[in-house]
Amino acid sequence: MPVRRFLSTEDGVNIEAVYDPGGVVYNASHLLSEDRGKPLESRSETATGRAETAAGRAETVAGRPATAAGRPEAVSGRSATTAGRPAIVVAHGFTGGVDRPHVRRVVAALGRYGSVVTFSFRGHGRSGGRSTVGDREVLDLAAAVRWARDLGHERVATVGFSMGGSVVLRHAALPDAGTDAVVSVSAPARWYYRGTAPMRRLHWLVTRPAGRLVGRYGFGTRIHHREWDPVPSSPVESVPLIAPTPLLIVHGDRDGYFPVDHPRMLAQAAGGHAELWLEEGMGHAEHAATGELLDRMGEWLVERGLGGPVRPRFLHGTDSPVA
């Protein structure tokens, strides 16, 4: 059964995350420690939030009664197959979330190839903070990857869609990313793109007070009012730093947000290191990803980064293994 908890990011934001072990049975009690802080911005919801969280925890491990402390009984000894089974961390698109149907469909498909960690980016769903639309979200992904490692997975891949696709690229370029393979789907290559009607609407949503109200109450996404300062490195600037980690760039030739010059720019910036799949007839992000495409992505992950012997993780550009 899936396990839920809140993860604390490096800058102190609590993000809601879900772990789908995919048949791995282990002692889940160490995952159910007290949440550090509240997931929502409003601290007045403390009592209700604790009650809901406790109820959610009790349901996390199916059929197990709660102890006197209100936590589920341990399932069994932690299996060695946790380390042997790879983990895939899924990063959703803007206005998405861990419980959105299109995200759960991705989880179900990729769960055939490994355990899956999903999470809601800051400002989305029950996660705290406000969305910075791809900037500080790198810290959210880093917390999710760290959780997968803490669970004992020796191989961890990241898969991101749209905004999440830009985040997995920027995260993989970090010296201590600790990922074994990266898949970026429907990601922009550069910032501030307004060349399509959907992107012009998105910029209105993010930059205007009225737009942010629509984002909050219409899409359940709380957007930060401050502009980027400094401007973060763009996806196309990040891609050259990802090697030698295997990288797959996936994009639809009917993407209504970012035309095909975006994935081509990313692939060119990789200097021959990345694979590029231009999918005929595909639109944008999770909603447009077919089951067949998700299966091919899962197979690629197993073949390129998750299926062989565990590789030493090195700092980018050095011969020093990551501790």
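Structural notes, computed from the coordinates. (Residues numbered from 1 in each chain as written. Predicted model: local features only at pLDDT ≥ 70, side-chain atom pairs only at ≥ 80, totals over all residues. Heavy atoms only, no water.)

### A word on the sheet that holds strand β4 (residues 115–119)
Thought 1: Pairing is mixed across the open sheet formed by 8 strands, whose spatial order is β1-β2-β4-β3-β5-β6-β7-β8. Sheet topology places β1 (3–8) and β8 (275–279) at the edges, where each strand pairs with a single neighbour. The mean angle between the axes of side-by-side strands here comes to 20°, regardless of whether they run parallel or antiparallel.
Thought 2: Packed onto the sheet, helix α4 (residues 137–150) meets β1, β2 (14–20), β3 (87–91), β4 and β5 (156–161) and runs at close to 125° relative to β1.
Thought 3: Together, β7 (247–252) and β8 form the strand contacts of helix α9 (residues 261–269), whose direction differs from that of β8 by roughly 170°. (Pairing = 2+ DSSP bridges. Helix = DSSP H or I, 4+ residues; strand = E, 2+ residues; numbered from the N terminus. Axes fitted to C-alpha atoms, helices over the stretch in contact; angles between N-to-C directions. Contact = heavy atoms within 4.5 Å.)

### Some points on the environment of Ser234
Thought 1: Mapped onto the elements, Ser234 comes out in the loop between α7 (209–218) and α8 (235–238).
Thought 2: Along the backbone, Ser234 and Trp191 are 43 residues apart, and their C-alpha atoms lie at a distance of 6.3 Å.
Thought 3: Non-local contacts of Ser234, meaning those with residues more than four positions away in its chain, are made with Ala189, Arg190 and Trp191.

### Observations concerning the pairing of β4
The two faces of the sheet receive side chains in turn, since in a regular strand these alternate between them.
Thought 1: Most of β4 is tucked away, with 5 of its 5 residues classed as buried.
Thought 2: Alternating residues of β4 divide into Ser115, Val117 and Phe119 and Val116 and Thr118, and every residue in both groups is buried.
Thought 3: Examined bridge by bridge, β2 and β4 share 4 bridges and lie antiparallel to one another. Counted as the bridge partner of Val18 is Thr118 from β4.
Thought 4: Where β3 lies against β4, 4 bridges are found, and the strand directions are parallel. If you follow Ile88 over to β4, its bridge partner there is Val116. (Buried < 20%, exposed > 50% of the residue type's maximum accessible area, 1.4 Å probe, protein only.)

### Re the packing of aromatic side chains
Thought 1: Tallied over the entire structure, the rule returns 6 aromatic pairs.
Thought 2: Feature note: the residues Trp191, Tyr192 and Trp228 constitute an aromatic cluster, connected by ring pairs.
Thought 3: The lysine or arginine in question, Arg296, covers the ring of Trp277, its NZ or CZ lying 5.1 Å from the ring centre. (Phe/Tyr/Trp six-rings, centres within 6.5 Å; stacked < 30°, edge-to-face > 60°. Lys NZ or Arg CZ within 6 Å of the ring centre and 35° of its normal.)

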